[in-house]
Amino acid sequence: MTAQPRTAARQRWLIPVLVVVISLTVGIGLLARELYRRPDAVPTEPAVSEVPTSIAPEDQPGSPTVEVTPDVVAHPQYPNVKQVLQGYFDSINDRDYPKWTSVVSRERQKTKTASEWRKDYQSTRDGSILVYRIEPGAPGSLRVLVAFTSTQDVEDAPVYLPEDCIRWRLVLPLRLESGSWRVDTTDGGTNPEHERC
């Protein structure tokens, strides 16, 4: 006879416990959805995969348009970073020193006179430009992992890799100057990855 009251007492406790467990599960699920949801303001521009496609030798260096991975599109500074890098590579491809000075930091401008800059880039063409990642640096700076291909006359290539086509992968530092991002001087200890095409 005492078994029925115990069973009834357990059933009375079971329902509130199940309600609490289900409520907690639903609440945690909704919270996780909000935390992991992408921001609403993410641009709808298509991003490319992180695996570059191969380009025929006669088509090197590839498109001069800066492309980005999905990771970069989700970054809040993505539009500004893409704009400054597009200006940077366009200035090299167009042999436009004034444009180059408008997208690099004052410190970087000091590294090259107009004549030195024009000589260094006289035969260079950059393409297949892909931004892999944007990371914070020191206050007011960013570090941008970028890969690109350059073609140039062999005599204008780096002395350590005298080739007419080189694939580069490096970290470009950006500095916030006068309210806009600029490509800054690279750290002397930073060695870019490079290989023959």
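Residues numbered from 1 in each chain as written. Predicted model: local features only at pLDDT ≥ 70, side-chain atom pairs only at ≥ 80, totals over all residues. Heavy atoms only, no water.

A. Looking closely at the pattern of salt bridges. One pass over the full model with this rule turns up seven salt bridges. Two residues, R106 and E177, come together in a salt bridge whose shortest N-O distance is 3.5 Å. Of this pair, R106 sits in helix α5 (residues 106-109) while E177 is found in strand β4 (residues 165-177), placing the two residues 71 residues apart along the sequence. For E177, a relative accessible area of 6% gives the class buried. (Salt bridge = Lys/Arg side-chain N within 4 Å of Asp/Glu carboxyl O. Helix = DSSP H or I, 4+ residues; strand = E, 2+ residues; numbered from the N terminus. Buried < 20%, exposed > 50% of the residue type's maximum accessible area, 1.4 Å probe, protein only.)

B. Broad picture of the packing of aromatic side chains. Within the structure shown, the criterion is met by seven aromatic pairs. Chaining the aromatic ring pairs together yields one cluster made of Y88, F89, F148 and W168. Lying over the aromatic face of Y132, R169 brings its terminal NZ or CZ to 4.4 Å of the ring centre. (Phe/Tyr/Trp six-rings, centres within 6.5 Å; stacked < 30°, edge-to-face > 60°. Lys NZ or Arg CZ within 6 Å of the ring centre and 35° of its normal.)

C. Looking closely at the confidence of the model for the protein chain. This prediction gives the protein chain a mean pLDDT of 82; 71% of its residues lie at or above 70. This stretch, residues 35-44, has a pLDDT under 50; its non-local contacts, to residues over four places away or in other chains, come to six contacts. (pLDDT = per-residue confidence, 0-100. Contact = heavy atoms within 4.5 Å.)

D. Representation of helix α3 (residues 78-93) within the structure. Under the 1.5 Å per step criterion, the end-to-end length of α3 is 22 Å for 16 residues, consistent within 8% with the ideal 22 Å. Across the 16 residues that make up α3, a large majority, 12, are buried. Restricting attention to buried positions, one finds in α3 the residues Y78, V81, K82, V84, L85, Q86, G87, Y88, F89, S91, I92 and N93. Where α3 ends, the next residue or the one after it, R95, has phi of about 55°, a positive value. (Expected span 1.5 Å × (residues − 1).)

E. Fine view of the pairing of strand β3 (residues 141-151). For β3, the tally of buried residues reaches nine of 11 residues, placing the bulk of the element in the interior. Examined bridge by bridge, strand β2 (residues 125-136) and β3 share nine bridges and lie antiparallel to one another. When the sheet's bridge partners are listed, V131 is paired in β3 with V146. Hairpin connection between β2 and β3: a loop of four residues separates the two successive antiparallel strands, and G140 in this loop has a positive phi of roughly 75°. (Pairing = 2+ DSSP bridges.)

F. Structural view of the pairing of β4. Relative to β4, β3 runs antiparallel, the two sharing 11 bridges. Along β4, the bridge assignment pairs R143 with P173. Where β4 lies against strand β6 (residues 193-196), four bridges are found, and the strand directions are antiparallel. When the bridges of β6 are listed, R167 appears paired with E195. Relative to strand β5 (residues 180-183), β4 runs antiparallel, the two sharing four bridges. Pairing of L174 across the sheet is with V183, part of β5. Where β4 folds back onto β5 in an antiparallel hairpin, the turn is made up of two residues, including S178, whose phi is positive at roughly 50°.

G. Representation of the nonpolar core within the structure. Core analysis: the largest hydrophobic core is formed by 33 residues, its most contacted members being V81, L85, Y88, V131, L172, L174 and V183. Among the secondary structure elements, those contributing two or more residues to this core are α2 (70-73), α3, α4 (97-103), β2, β3, β4 and β5. Looking at which element gives the most residues to this core, the answer is α3, with seven residues. Other than its neighbours up to four places away in sequence, L172 contacts L85, R108, L142, R143, V144, V146 and V183. (Core = buried A, V, L, I, M, F, W, Y, C linked by side-chain atoms within 4.5 Å.)

H. Highlighting the side chain of D156. With respect to the secondary-structure elements, D156 resides in the loop between β3 and β4. No salt bridge is formed by the buried D156; the nearest opposite charge belongs to K119, separated by 5.6 Å. Side chain to side chain, D156 and Q122 meet in a polar contact 3.0 Å long. Reaching out from D156, the side chain makes a polar contact with the side chain of S123 at a distance of 2.6 Å. Setting aside residues up to four positions removed in sequence, D156 forms contacts with Q122 and S123. (Lys, Arg positive; Asp, Glu negative; His and termini not counted. Polar contact = N/O pair within 3.5 Å; in protein donor to acceptor, adjacent residues only side chain to side chain.)

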